[in-house]
Amino acid sequence: MVNALYIRSRNEDEPPAEAYRTAPLTLDIVHVRDLPDTPAPLRHRLIIIPMQSDEIMLSRKREWLQGAWEQGASILANDIVALPYMPFLRPFEPIPLPGLGDYSVERHSPHPAFDRLPFDRFHLLEGMAGVYGVGHNPPPPVAKVVNTIGRGAYAIDWYIESEAGGIFFCHGGPDIAAFHSGPHDTPNLTHDLINWLVEPRS
């Protein structure tokens, strides 16, 4: 199985979301403070940054993170960005004065992890709308936008690729493992996204 790294920032006794634990991965859990400060040889094909991560500490580890991505590691980054920890990230922009029409998610471009999902409801949490996202982490010009949210077509899901084949996938809302990723969900969004992220590309 593929080696993956789950970066912990808080709740040290809380396990990763079930969708991560049941994915076809060998999952190492490391606290963000224990990561290297500078680039190091690549050990993990995938790095998972869960929601509510410590962005101050992530920023201190930016050289290591960027080095891993440039060596070919893929990164699944969840949640809004307040303090950018990669050079291409920008702070979160909320939807101004959102209305009911701003809670729908629309497909912007095809993607194997999303194409088979029931798009009218995969983004609901226990039937509630408006949880998947309330704005976006603005994508860089070279990014591929996967999904948008709201009438302003905010880029809630996007990715960019490094020259070595590493993917940085940005989901600008609560942890993607909360959506259509339960043990009985078919397709399983998180598992399909992880499978795509770890595909060889270079």
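Quick note: structure is the one above.
Residues numbered from 1 in each chain as written. Predicted model: local features only at pLDDT ≥ 70, side-chain atom pairs only at ≥ 80, totals over all residues. Heavy atoms only, no water.

S.K.: Mind laying out the overall build of the protein chain, listing which residues take part and the relevant values?
M.R.: Helix and strand counts for the protein chain stand at four helices and 10 strands. Reading the secondary structure of the protein chain in the N-to-C direction produces β-α-β-β-α-α-β-β-β-β-β-β-β-α. Its C-alpha atoms give the protein chain a radius of gyration of 16 Å, within 12% of the compact-globule value 17 Å for 202 residues. Its C-alpha atoms put the protein chain at 45 × 35 × 35 Å along the principal axes. The burial tally for the protein chain puts 54% of its 202 residues in the buried class. Summarising the internal contacts of the protein chain: among those between residues at least 6 apart in sequence, 65% fall at separations of at least 24. A total of about 9500 Å² of accessible surface is found on the protein chain, and carbon and sulfur atoms cover 53% of it. One finds the centroid of the 16 positive side-chain charges in the protein chain at a distance of 1 Å from the centroid of its 25 negative side-chain charges. (Helix = DSSP H or I, 4+ residues; strand = E, 2+ residues; numbered from the N terminus. Rg over C-alpha atoms; globule rule 2.2 N^0.38 Å. Buried < 20%, exposed > 50% of the residue type's maximum accessible area, 1.4 Å probe, protein only. Contact = heavy atoms within 4.5 Å. Areas by Shrake-Rupley, 256 points an atom, 1.4 Å probe, with all protein chains shown as cover. Lys, Arg positive; Asp, Glu negative; His and termini not counted. Charge placed at Lys NZ, Arg CZ, Asp CG, Glu CD.)

S.K.: Now, about the side chain of R8: what can you tell me, with residues and values included?
M.R.: Within the fold, R8 resides in strand 1 (residues 2–8). If we skip the residues at most four places from it in the chain, R8 touches E14, P15, P16, I29, V30, H31 and V32.

S.K.: Tell me what's going on with the pattern of salt bridges, and back it up with residues and numbers.
M.R.: Tallying each qualifying case throughout the model produces six salt bridges. For D37, the salt bridge goes to K61, with nearest N and O atoms at 2.7 Å. Of this pair, D37 sits in the loop between strand 2 (25–31) and strand 3 (46–49) while K61 sits in the loop between helix 2 (55–60) and helix 3 (62–70), and the two are 24 residues apart along the sequence. Judged by its relative accessible area of 46%, D37 is partly exposed. For D115, the salt bridge identified is with R107, shortest N-O distance 3.3 Å. On the accessibility criterion, R107 (40% relative accessible area) is partly exposed. (Salt bridge = Lys/Arg side-chain N within 4 Å of Asp/Glu carboxyl O.)

S.K.: Any details on the nonpolar core? Residues and values, ideally.
M.R.: One finds F114, F169 and I176 to be the most contacted residues of the largest nonpolar core, which totals 34 residues. Looking at this core, the element that brings in the most residues is helix 4 (residues 189–197), giving five residues. (Core = buried A, V, L, I, M, F, W, Y, C linked by side-chain atoms within 4.5 Å.)

S.K.: Describe the pairing of strand 9 (residues 154–161), naming the residues involved and giving the relevant values.
M.R.: Each regular strand displays side chains that alternate between the two surfaces of the sheet. The element strand 9 is extensively covered by neighbouring structure, given that seven of its eight residues are classed as buried. Pairing geometry for strand 8 (residues 144–149) and strand 9, over five bridges, is antiparallel. Counterpart to T148 in the pairing with strand 9 is A155. Following strand 8, the chain reverses through four residues before pairing antiparallel with strand 9; G150 in that reversal takes a positive phi of roughly 80°. Here strand 9 runs beside strand 10 (residues 167–171); their pairing, made up of five bridges, is antiparallel. (Pairing = 2+ DSSP bridges.)

S.K.: Before we move on, could you go through the environment of G72 and cite the residues and values that matter?
M.R.: Within the fold, G72 resides in the loop between helix 3 and strand 4 (74–78). Sequence-wise, G72 and E163 are 91 residues apart; in three dimensions their C-alpha atoms are separated by 7.8 Å. Apart from residues lying up to four places away in sequence, G72 is in contact with L42, R45, A164, G165 and G166.

S.K.: Break down the packing of aromatic side chains for me, with residues and values.
M.R.: One pass over the structure, following the stated rule, counts 12 aromatic pairs. With a centroid separation of 5.3 Å and an interplanar angle of 75°, the aromatic rings of F122 and Y132 are classed as edge-to-face. Taken together, the residues span a long stretch of sequence, with F122 in the loop between strand 6 (105–107) and strand 7 (135–136) and Y132 in the loop between strand 6 and strand 7 at a distance of 10 residues. Judged by its relative accessible area of 1%, Y132 falls in the buried class. (Phe/Tyr/Trp six-rings, centres within 6.5 Å; stacked < 30°, edge-to-face > 60°.)

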